[in-house]
Amino acid sequence: MNAYPARADAFSLSAPVRLWEEGFAADPHAYYAALRAQGPVGWAELAPGVPAYVVTDRRATLDLLHDPKTWSHDPRPWEATVPEDSPVLGMMRWRPNTLFADGDAHIRYRRSLTDAFDLVEPHDLRERVHHAVDVLVGRFGPAGSADLVTEFARPLMALIFNNLFGLPDSESGRLDAALGAMMEGGDRAAEGEAEYGRYVLELIAAKSVQRGPDITSRLLDHPLALTPEEVTWQVFLTLGAGHEPSANLVSNALSRILGNADYYSTLTSGSRPVMDAVLEVLRYETPLANYGIHFARESVSFHGVWVQAAVPVVVSYGALGHFAEQDFAGTHHRHDASHLSFSAGEHACPVKQPALLIATEAIERLTQWLPDLQPVVPRERLSWRPGPFHRSLTALPVRFTPHSPDQAGDRS
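Residues numbered from 1 in each chain as written. Predicted model: local features only at pLDDT ≥ 70, side-chain atom pairs only at ≥ 80, totals over all residues. Heavy atoms only, no water.

**Q** Which parts of the structure should I look at to understand empty space enclosed by the protein?
**A** Take a probe with the size of a water molecule and roll it over the atoms, and the empty space left behind shows itself. Evaluated as defined, the whole model comprises three cavities of 30 Å³ or more. In this model, the largest cavity occupies a volume close to 990 Å³. Every residue lining the largest cavity is counted, 48 residues in all, and those nearest its centre are Leu237, Ala241, Pro245, Leu288 and Cys349. Looking at which element gives the most residues to the lining of the largest cavity, the answer is helix 12 (residues 228-258), with 10 residues. Considered class by class, the residues forming the lining of the largest cavity number 30 nonpolar, 15 polar and three charged. If you add up the space inside the second largest cavity, you get close to 140 Å³. (1 Å grid on protein atoms, 1.4 Å probe; cavity = no way out; pocket = protein on both sides within 12 Å on 5 of 7 lines; lining within 4 Å. Points joined across faces, edges and corners; volume = space filled by probe spheres on them. Helix = DSSP H or I, 4+ residues; strand = E, 2+ residues; numbered from the N terminus. Nonpolar A, V, L, I, M, F, W, Y, C, P; charged D, E, K, R; others polar.)

The following block contains the structure:
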C-alpha cells in the first residue's frame, strides 16, 4: 500500500519534512521553519515511509485539541497501513489505555489514573524525589564530575517512577534503558518496546500477588474494576509518559540554567525560583516535542489542508515553542504558564502538578548538594538524541567540588 495518501490541493506538492533524520535532533528549528512554510499544518515523515500531518500553529492546535467530534485518538485504521517493523509503532500503536481511547472508555481510564495519583500526597512525593536525588549524588558526588543526563536525570526518574509503581530500586535500570530505546524510534525501538513490556508484565504479576502502597495496586483495586489487561496498559502508558518527558524536562532545564551563569546564581541564591527555568523549558524547548496524535474520523478540511482519515495528525509542541520564542521573546511574565506542553482539552495531562513538583524538587535538591556545578561543554555544542518525538540531550557533563553526603535525606 502506498503510504502517501492522495490529496487534492497545492499542499500535496510539498516534500515531507523528515523528522527522523539525525539533522532534526541537531537543529529542529530549521525543520520547524520548513513545516511552517507550508502553513498551519505541514507535511512530514515520522519514519521512512510513515507520513503525518504536523500542526505548527497555536490556533490550529487548540482547534484540534478541543474538537473530539472531528478527531479520534484511535490509531487502528492507520496501523493497518504501516509495516509491523516500523520504528514508530512503539509510540503510536493502539492499546486500551487513556491515551488511545475516546468517549466513555477514555473517561473511565482517566478517572482511574487521577484517583490513583490523587492518593500520592505532595509531601510523600517530595520525599521520594529527595531520596532518589540523595542516592544518585551519593554515587557520583565524590568524583567531582558527572553526566547529568545518564547519571542523574534519567536514573532519577527511573528510581522515582519505579518506586511509585511498586518495584524495588534495583529494577529501575531496566525501566530507563527500555524506555530510552523505544522513544528514539530507531533500530532498537522494537527491542526497547519488548523489554519495557516485560518490565510492566512482571510488575503487574508482582502486585497481583501482593498489593502495596503504590499506584499499580490502586489501579488493580479501583472501584471501576479495570481488568488486569486494562491495568497493564494504564501502567504501560503512565510509566512511559512519566519517566521519559520528566527526565528530559529536568536535563533540558539544567542545561539552560548552567548555560547562563547569571541565571544559575539567582537560582542557587534563592532570588529566582527553579520553577522559572522549568516553565521556560515547557514553553520554549518542551521535552515531548511532537506528539498529541489524532486521526480524522473522516477526511476533512482543516486550516486549509485536506486531512485524510487514517493518517496521523501530530501536534508539534516543539514548533509552537520555537515560534513563540521568536515572536514573543521578553513579553512573558516569569510565572506565565501559557504553554501547551501538557496539552489541552479532554486529553490534557491528568497529573500536571505531580510532574512539576518532581522536576522542581529534583533540581532544587541537586543544587543544594552541589551549588557550584559548572558545565564542561557550552550549551550550543551539546548533542541531542535522535527521534521524531522528543527533545532530549545525549549528555550534560558537569564538574563540581567533590561532595559525599553524610547520609541520605539530611538536607531538608
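**Q** Hey, could you run me through the sheet that holds strand 5 (residues 145-147) in this one?
**A** Backbone-to-backbone hydrogen bonds join strands into a sheet, with any given pair of strands oriented parallel or antiparallel. Pairing in this open sheet of three strands is antiparallel, and the strands run 5-11-10 from one edge to the other. A strand with exactly one partner marks an edge of an open sheet, and here the two such strands are strand 5 and strand 10 (374-375). When strand 10 meets strand 11 (residues 397-399), the two strands line up antiparallel, connected through two bridges. Residue pairing for strand 11: proline 375 is matched across the bridge by valine 398. (Pairing = 2+ DSSP bridges.)

**Q** Honestly, unusual backbone geometry in this entry has me stumped. Any pointers?
**A** Most peptide bonds are trans, and most residues other than glycine sit at a negative phi. Positive phi is not limited to glycine here, since alanine 225 has a value of about 55 degrees. The residue alanine 225 is located in the loop between helix 11 (215-220) and helix 12 in this model. What makes alanine 225 exposed here is its relative accessible area of 52%. (Buried < 20%, exposed > 50% of the residue type's maximum accessible area, 1.4 Å probe, protein only.)

**Q** Would you mind going over the nonpolar core with me for this structure?
**A** Among soluble globular proteins, nonpolar side chains are generally buried collectively. Membership of the largest hydrophobic core comes to 106 residues, with the highest contact counts inside it found for Phe140, Leu148, Phe152 and Tyr196. Leave out the neighbours within four places in its chain, and tyrosine 196 touches Leu175, Ala178, Leu179, Met182, Val235, Phe236, Leu239 and Gly240. Core analysis: the second largest hydrophobic core is formed by 20 residues, Ala60, Leu65, Val311 and Leu340 among them. (Core = buried A, V, L, I, M, F, W, Y, C linked by side-chain atoms within 4.5 Å. Contact = heavy atoms within 4.5 Å.)

**Q** Can you help me understand the sheet that holds strand 2 (residues 41-47) in this one?
**A** The strand order across the open sheet built from six strands is 1-2-3-9-6-4, with neighbouring strands paired in mixed fashion. This sheet does not close on itself; its edge strands, each paired only once, are strand 1 (17-18) and strand 4 (71-72). In terms of strand pairing, strand 3 (residues 50-55) meets strand 9 (residues 313-316) through three bridges, oriented parallel. Within the sheet, the bridge partner assigned to valine 54 lies in strand 9 and is valine 314. Contacts from helix 3 (residues 58-65) reach strand 3, strand 4, strand 6 (290-296) and strand 9, with the element oriented near 130 degrees to strand 9. (Axes fitted to C-alpha atoms, helices over the stretch in contact; angles between N-to-C directions.)

**Q** Whenever I open this one, the pattern of salt bridges confuses me. Can you help?
**A** Pairing is possible between side chains that carry opposite charge, provided their charged atoms lie close to one another. Taken as a whole, this structure holds 25 salt bridges when the rule is applied. Here glutamate 171 makes a salt bridge to arginine 174, at a shortest N to O gap of 2.9 Å. Of the residues examined, glutamate 171 reaches a relative accessible area of 21% and is grouped as partly exposed. The class for arginine 174 is partly exposed, based on a relative accessible area of 23%. Put simply, arginine 256 and glutamate 280 hold a salt bridge, and the shortest N to O gap is 2.9 Å. Of this pair, arginine 256 sits in helix 12 while glutamate 280 is found in helix 14 (residues 274-284), placing the two residues 24 residues apart along the sequence. Comparing arginine 256 with glutamate 280 shows no difference in burial state: the two are buried. Connected via shared salt-bridge partners are Glu171, Arg174, Glu195, Arg198 and Glu202. (Salt bridge = Lys/Arg side-chain N within 4 Å of Asp/Glu carboxyl O.)

**Q** Could you clarify how one ought to interpret the environment of tyrosine 32 in this entry?
**A** Tracing the backbone through its elements, the reader meets tyrosine 32 in helix 2 (residues 28-37). Look at tyrosine 32 and you get buried, because its relative accessible area is 3%. Along the backbone, tyrosine 32 and leucine 19 are 13 residues apart, and their C-alpha atoms lie at a distance of 9.4 Å. Residues contacting tyrosine 32, with those up to four places away along its chain left out, are Phe24, Ala289, Asn290, Ser316, Gly318, Ala319, His322 and Phe323.

**Q** Help me out: how do you make sense of helix 12 in this one?
**A** For an α-helix the count is 3.6 residues per turn, leaving residues at separations of three or four pointing the same way. In this model, helix 12 (31 residues) spans 44 Å end to end at C-alpha, consistent with the 45 Å of a helix rising 1.5 Å per residue. With 27 of its 31 residues buried, helix 12 lies for the most part within the structure. (Expected span 1.5 Å × (residues − 1).)

**Q** Hey, could you run me through the side chain of threonine 61 in this one?
**A** Within the secondary structure, threonine 61 sits in helix 3. Setting aside its immediate chain neighbours within four residues, threonine 61 contacts Val55, Val315, Leu320 and Leu340.

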